[in-house]
Amino acid sequence: MSAEAVGTHMPAVVTLDDLAAMNAADLNGHRYETSPEGVLSVMPPPDSEHAMIASRLLAWLVVAGWPPEQVLQAAGVRIPGASGVGGRIPDLSVWRKPPARAVWSPADELTLVVEIVSPGSEAIDSVTKVREYASAGIPQYWVVDRDSAQTVTLHRLGPHAAYEEHARMPLAWLLQTTPAEHLD
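Asker: Describe in detail the pairing of strand β10 (residues 151–157), supporting the description with residues and values.
Answerer: Among the 7 residues that make up β10, 5 are buried, leaving the element largely enclosed by the rest of the structure. Two elements, strand β9 (residues 140–144) and β10, share 5 bridges in a ladder whose sense is antiparallel. For Tyr141, the partnering residue across the bridge sits in β10 and is His155. Looking at chain direction, β10 and strand β11 (residues 163–170) are connected through 7 bridges and run antiparallel. In the strand pairing of β11, Arg156 is matched with Glu164.

Asker: Before we move on, can you summarise the sheet that holds strand β8 (residues 110–116) with the specific residues and values?
Answerer: Taken in spatial order, the 6 strands line up as β3-β6-β8-β9-β10-β11 in an open sheet, and their pairing is mixed. A strand with exactly one partner marks an edge of an open sheet, and here the two such strands are β3 (71–73) and β11. Direction aside, the axes of adjacent strands within the sheet are offset by 15 degrees on average.

Asker: Pulling in residues and values, what's your account of the packing of aromatic side chains?
Answerer: Centre-to-centre distance and the angle between the planes together describe a pair of aromatic rings. Tallied over the entire structure, the rule returns 3 aromatic pairs. Measuring from ring centre to ring centre gives 5.0 Å for Tyr133 and Tyr141, while their planes differ by 75 degrees; the resulting arrangement is edge-to-face. Across the pair, exposure class does not vary: Tyr133 and Tyr141 are buried alike. Feature note: the residues Tyr133, Tyr141 and Tyr163 constitute an aromatic cluster, connected by ring pairs.

Rules and cut-offs
Residues numbered from 1 in each chain as written. Predicted model: local features only at pLDDT ≥ 70, side-chain atom pairs only at ≥ 80, totals over all residues. Heavy atoms only, no water. Buried < 20%, exposed > 50% of the residue type's maximum accessible area, 1.4 Å probe, protein only. Helix = DSSP H or I, 4+ residues; strand = E, 2+ residues; numbered from the N terminus. Pairing = 2+ DSSP bridges. Axes fitted to C-alpha atoms, helices over the stretch in contact; angles between N-to-C directions. Phe/Tyr/Trp six-rings, centres within 6.5 Å; stacked < 30°, edge-to-face > 60°.

Here it is as structure tokens:
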């Protein structure tokens, strides 16, 4: 699609309903997200390494006792902000209780979101989403880098509604621990 076509057909303000329609219509697996300020992000489709990391983390959590209906891949989350409401789709999310059936669930029942860095998403995952997820009050945010160790950075919400780096370790090390060692 040309820039002219996008400019002609893109709504002036992209709503969460618009995002849901864009995600449903994309035949190539892109993820469409927006910040609370209305900045649209188009994430590339996950590759096989990305999928393997997500699967390993999901299996680790479920085997340790988290109910499968509380550990979700690619579930939409409403991200409130001062300028409006955005929608993010974390690679993995862990919920206190199963979320209600919805395209965009409120962030207040989340205990953890995980983003696996893809080429092109580094700045959004390590800067923008750190701010947004902390502002939404999500207790923990983990970022998995795609370096040779698949380094996981564990952020915890601090007393000033900002994340503090709690730990950093290779994914293989994390998977040798129990989720209870890291999640409240």
